[in-house]
Amino acid sequence: MTLFEYVRPDDVTGAVDLVSADPGAAYLAGGTTQLDLLLKDGVIRSDRLVDIGRLPLRGITRDGDTLRVGALTTMDALAGDPVVAQRVPFVREALLAGASPQLRNMATIGGNLLQRTRCRYFRDSAVAACNKRVPGSGCAAVTGVARMHAILGASERCIALHASDLCVPLVALDVQVHLRGTGGERTVPLTEFYLPSGESPEIETVLRHGELITRVDLPLPAPGTRSGYLKVRDRASYEFALTSAAAALVVDNGVITSARLALGGVGTIPWRARAAEAVLTGAPANVDTFRAAAEAEIRDPFTVPGTEFKVELAKRTIVRTLRDVSGVRS
Amino acid sequence: MSPVTVDTKLLGDPVDRVDGPLKVSGAAPYPSDVSYPGMAYAALVQSTIGAGTINRIDAAEATAVPGVLTVITYENTPALPDGPMTILGPSARFPFKDNRIVHYGQHVAMAVAETAERAVAAARLVRIDYDPTTPVLGITNPDAPVEQNAWGLDTTRGDVEGALASAEVTYDETFTIAPETNNPLGLFATVARWEGGRLVVHESTQWPIMARQTLATVFELAEQDVRVFVPFIGGGFGAGLRFPPHAILTVLAARMLDRPVKLVLTRPQMFTSIGHRPETRQRVRLGVARDGRLLAIDHEATSTIGIEETNLEPITQTTPSAYDCPNVATHERQVRLNIPNPGAMRAPGTAQGNFAVESALDEVAYRLRCDPIALRLRNYAEVQPGTGLPWSSKALRECYRVGAERFGWADRNPEVRSMRDGDWLIGYGMAGVTFDWYQAPCRARISIRRDGTAYARSAATDLGTGTYTIATQLTAQLLGLDLDRVRFDLGDSDLPLAPQSGGSGLAMSLSGALHQAAGNLVGAFLDVVADDAGSPLRGRGADDVTATGGRLHLVTDPSVGETYIDILDRHGLDELTADGAVDPKPEGAGMTPAGGFAARFVEVRVDEDLGVLRVARVVTAIDAGRILNEKTARSQVLGATVMGIGMSLLEQTEFDPGTGRVANATLGDYLIPVNADVPDLDVVFVGEPDRFSPVGIKGIGEIGIVGVAAAIANAVHHATGRRIRSLPITIEKLL
């Protein structure tokens, strides 16, 4: 039997202390992934699950041009927030493009950040080769069915995709992640929260054992910023992205004065498109610029037979998103 | 002439499902809901290699789990006889005969424990050491053994090669379709219980009589000592047409432990344990005259099968009868691979064959600059082209006409890429459908009781399709009773023999048997009053009498008659019972029994830059003869159309190229349409009652999926100018 202890503390300090003190403990957080991986897929082991569901980490407050979003705020609540709808509509669009209404009513923002990859080679413990699950064992996905896998940040060691929609606009916005550990609080930009797959695909974030995401601070861009999220997929709803893009632009007299761009469906981590942003910033808002930005970003993809099409699809997704957000037609 | 008459109207009343309240209240007992006191639970262990042998099994750790009762492997499984042949071929390969592994996901052990959780825990702890070999995978693999015409279904008429050589226009293209998995929502389950020497099994099957026969053979019992129950099943789509090895293992476990045992497959196990639609490749060659006359059709099809099993997948079956073409040849090949053996999945063969032929005709229509409907009408098969006999019914012409009208086909600009809405290219496509007739013998029994209610029964199944409802409705109508006075039972092998829910044949067979049983029952009532001076019906023959409002009365004078209750009361009878049977014999009927016909019309939208394809609307005009219940029939077609959208756009079972492991064996990874993928679906029934069927109906269970893929692909061509001959049409194929 898979036996584990289940604890449900009421306060953050208690929860952090419980997990930090016990190397075999884990937070029961990131709902579906944690329990699935433990009980159904047998991929992870935990002797003690600390349920954070009762911690006072729920709610959205505004502090000037920052939106403070508690880690246990649901996707549905954030999508319904009027400030989000008005100032960062691409966050709302990404939220509503993700999961299903039922899941969005339950799933939390902190959980979304920490959702594990959907890679079926990682999730099937009968597959021997998975560097993320068993470091050094190889990667079966590279020679397998890899249509839903990453092309950016990927290598022959791991092509597992970070499948979140929400994280795409969030990395574009430079949100800050607040972490609580036994040593107190620290803040990490989301763009530095995820670690490149690199040599150690099993280490996915900067989180130390026992650290808990308490909230996400979302800076509101200047009024006049236009944003949008585009998700490309075969099924019209309830499917992870093949490619997606989140863009926030300020266009002044036909010139892009500020550009934030991030990509989903293509990266081992939510992919901030800084090379594209460099091309865009100060350039005329037209399709040639958008295409140049796309080419600059998707320069060095790692593809396998199942993912080759994503190179061109990602570029077109960038161009379409920028076109729609900027409102230019040519 | 039968004393019971079928309603003459084409469309039967759209009454609600009689089992609807049970289902929506969660009270309908599906096989996985069955429990017995003292029941144990089983969990399967499946192989993690694609081919080879088991070297060693170590179940010590598993059996040490508290509450674990046994671990069954090939090593402790007694020799069991094979199951019987059915019309679908020999029984499934039983994997516990020896140590050989023939596909990834083959059952290799079954753990049985006091609780389901402990069984799963134990299954994870069974250590199996394999000697793997390289599995044979890939439909084009030159190392794969090939079976030519394994079912003897290849046909030929005329001189195909000669006609192809001299035709003014020739066509030669190849079509591919990914393997798909049935994925009924209800997880397949077996609950087995031995009662002394008798065996009771609750099984997710579409064919209780076959299940009983299989269990009797394998466990060497008399058939009357086996009883199979399946009052409800959460869908099947063909997956329940063969008896699966996991059910035999569950029965075996119950015998070994002498207590009831339950097994419920997991969703991933549903991908490897109960069949799937095989991968196919088809080559279609056509020879056509400039005026559109089809001169030759050569249709060659290849499907995959398990390395040492069989599967009936008649891909080219309807090709010879679909059009009036003098020279037709069909060829079926099967490629043996180390994959779970495929099986029937809704319209097996025909769904795939239609995609190829109806796509090819669309291509030819474009080459000839001819309207696709006009091309089909040019080659309309007025009589069955193989037999030369008239069809028992055929309203395909009306399907084209009515469908085109409702869809607005005439507004279509035939030029490709001629319609656009912003980033979306818009396309219209259509396809014709000819579906084969199939019917099997069936028995039914009806009683009328002292309280005036009727009880009808047959060992049929209701897959969620509406069998309960249409059988209740038909019985009520034939016997002149209100719907709520009739009960119909099915899903029990002790009931009169019924065929499978398969081949779109059950409703036809069952309605025929009920029709005859109802006639015999009225005859039995007339026999009772034949010498009854107190009866206004004394001495009356079947031809004089009909039934309405719970009474039998004269056809000519409804006031002369009496109720069933009166007759039973006066004669001190608790009930009268009669049987009915159909044994369909088309020979000598002077006609060829027809299956359904349909025309499908589809509008698609394609975002060409992003490769995104969405179906905007589907119009289906269908000739299925008389419709017993307009609502359940329509629902059948709607559901099948959705499945057709899945086949066309989304569904593909992906085997790992190296091992044959199903790489997407969850409903998160294997995509089926969600509501957002399903547009406005319009279904219209046309035609007239069929002349061969006693009640005028034709099967409707499968035809709804056929033609969707071709109509969509043809619409994609119209929208984009690109011809996609490979399903599903995913984004990368349109980029």
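Residues numbered from 1 in each chain as written. Chains lettered and ligands numbered in written order. Predicted model: local features only at pLDDT ≥ 70, side-chain atom pairs only at ≥ 80, totals over all residues. Heavy atoms only, no water.

Considering the state of the cysteines
- If you walk through the whole model with that rule in mind, you get zero disulfides over all chains.
- The closest cysteine sulfur to the non-disulfide-bonded Cys167(A) is located on Cys158(A), 17 Å from its own sulfur.
- This cysteine, Cys370(B), is not joined by any disulfide, and Cys325(B) carries the nearest cysteine sulfur, 15 Å off.
- Exposure remark for Cys370(B): the relative accessible area of 24% places this residue in the partly exposed category. (Disulfide = S-S within 2.5 Å. Buried < 20%, exposed > 50% of the residue type's maximum accessible area, 1.4 Å probe, protein only.)

So, helix H16 (residues 708-720) of chain B
Residue and element names in this part refer to chain B.
- When the terminal C-alpha atoms of H16 are compared, their 18 Å separation across 13 residues agrees well with the 18 Å that a helix rising 1.5 Å per residue should span.
- Most of H16 is tucked away, with 13 of its 13 residues classed as buried.
- One or two steps after H16, the chain reaches Gly721, where phi turns positive at roughly 80°. (Helix = DSSP H or I, 4+ residues; strand = E, 2+ residues; numbered from the N terminus. Expected span 1.5 Å × (residues − 1).)

Remarks on empty space enclosed by the protein
- With the rule as written, the count across this model stands at 10 cavities of 30 Å³ or more.
- Roughly 400 Å³ of internal volume is contained in the largest cavity.
- In terms of lining, the largest cavity is formed by 25 residues, of which the most central are Arg147(A), Met148(A), Glu654(B), Asn664(B) and Asp669(B).
- Class assignment of the residues belonging to the lining of the largest cavity gives a composition of 12 nonpolar, six polar and seven charged.
- Quantified by volume, the second largest cavity comes out at close to 340 Å³.
- Ala92(B), Pro245(B), Ser273(B), Glu309(B) and Asn341(B) are the residues nearest the centre of the second largest cavity, which is lined by 25 residues in total.
- Taken together, the residues of the lining of the second largest cavity sort by class into 12 nonpolar, 10 polar and three charged. (1 Å grid on protein atoms, 1.4 Å probe; cavity = no way out; pocket = protein on both sides within 12 Å on 5 of 7 lines; lining within 4 Å. Points joined across faces, edges and corners; volume = space filled by probe spheres on them. Nonpolar A, V, L, I, M, F, W, Y, C, P; charged D, E, K, R; others polar.)

Describing the side chain of Asn131(A)
Residues and elements named next belong to chain A.
- Here Asn131 is to be found in the loop between helix H7 (109-113) and helix H8 (167-172).
- Within the local environment of Asn131, its side chain forms a polar contact with the backbone nitrogen of Gly136, the two atoms lying 3.2 Å apart.
- Separated by 2.7 Å, the side chain of Asn131 and the backbone nitrogen of Gly138 make a polar contact.
- When neighbours within four sequence positions are excluded, Asn131 is seen to be in contact with Gly136, Ser137, Gly138, Cys139, Arg157, Pro201 and Glu202. (Polar contact = N/O pair within 3.5 Å; in protein donor to acceptor, adjacent residues only side chain to side chain. Contact = heavy atoms within 4.5 Å.)

A closer look at the pattern of salt bridges
- Applying the stated criterion to the full structure yields 75 salt bridges over all chains.
- The partner of Glu173(B) in a salt bridge is Arg725(B), and the shortest N-O contact between them spans 3.5 Å. Remark: Arg725(B) occurs in the loop between H16 and strand S29 (726-727) and Glu173(B) occurs in strand S9 (residues 169-177); sequence separation between them is 552 residues.
- Taking the relative accessible area as the measure of exposure, Arg725(B) reaches 22% and is therefore partly exposed.
- Note that Arg212(B) and Glu223(B) form a salt bridge whose closest N and O atoms lie 3.5 Å from each other. With Arg212(B) in helix H5 (residues 208-218) and Glu223(B) in the loop between H5 and strand S12 (226-229), this pair connects stretches of sequence that are 11 residues apart.
- On the basis of relative accessible area, Arg212(B) is assigned to the buried category, the value being 15%.
- The network of salt bridges with common partners includes Arg320(A), Arg323(A), Asp324(A), Asp423(B), Asp607(B) and Asp609(B). (Salt bridge = Lys/Arg side-chain N within 4 Å of Asp/Glu carboxyl O.)

Here we look at the side chain of Gln106(B)
Residue and element names in this part refer to chain B.
- With respect to the secondary-structure elements, Gln106 resides in the loop between strand S4 (100-101) and strand S5 (107-113).
- A polar contact is formed between the side chain of Gln106 and the backbone oxygen of Arg100, at a distance of 3.0 Å.
- For Gln106, the side chain forms a polar contact with the main-chain nitrogen of Val102, separated by 2.7 Å.
- Excluding its chain neighbours within four sequence positions, the residues that come into contact with Gln106 are Val45, Gln46, Ser47, Arg93, Pro95, Arg100 and Ile101.

Notes on the sheet that holds strand S26 (residues 597-607) of chain B
Residue and element names in this part refer to chain B.
- With mixed pairing, five strands are arranged side by side in an open sheet as S17-S18-S26-S27-S28. In this open sheet, the two edge strands, each paired with only one partner strand, are strand S17 (420-421) and strand S28 (680-685).
- As judged from the two bridges shared by S17 and strand S18 (residues 424-434), these two strands associate in the antiparallel manner. The residue bridging Asp421 from the neighbouring strand is Trp424, located in S18.
- Of the strands in this sheet, S18, S26, strand S27 (612-623) and S28 are in contact with helix H11 (residues 396-407), which crosses S26 at around 35°. (Pairing = 2+ DSSP bridges. Axes fitted to C-alpha atoms, helices over the stretch in contact; angles between N-to-C directions.)

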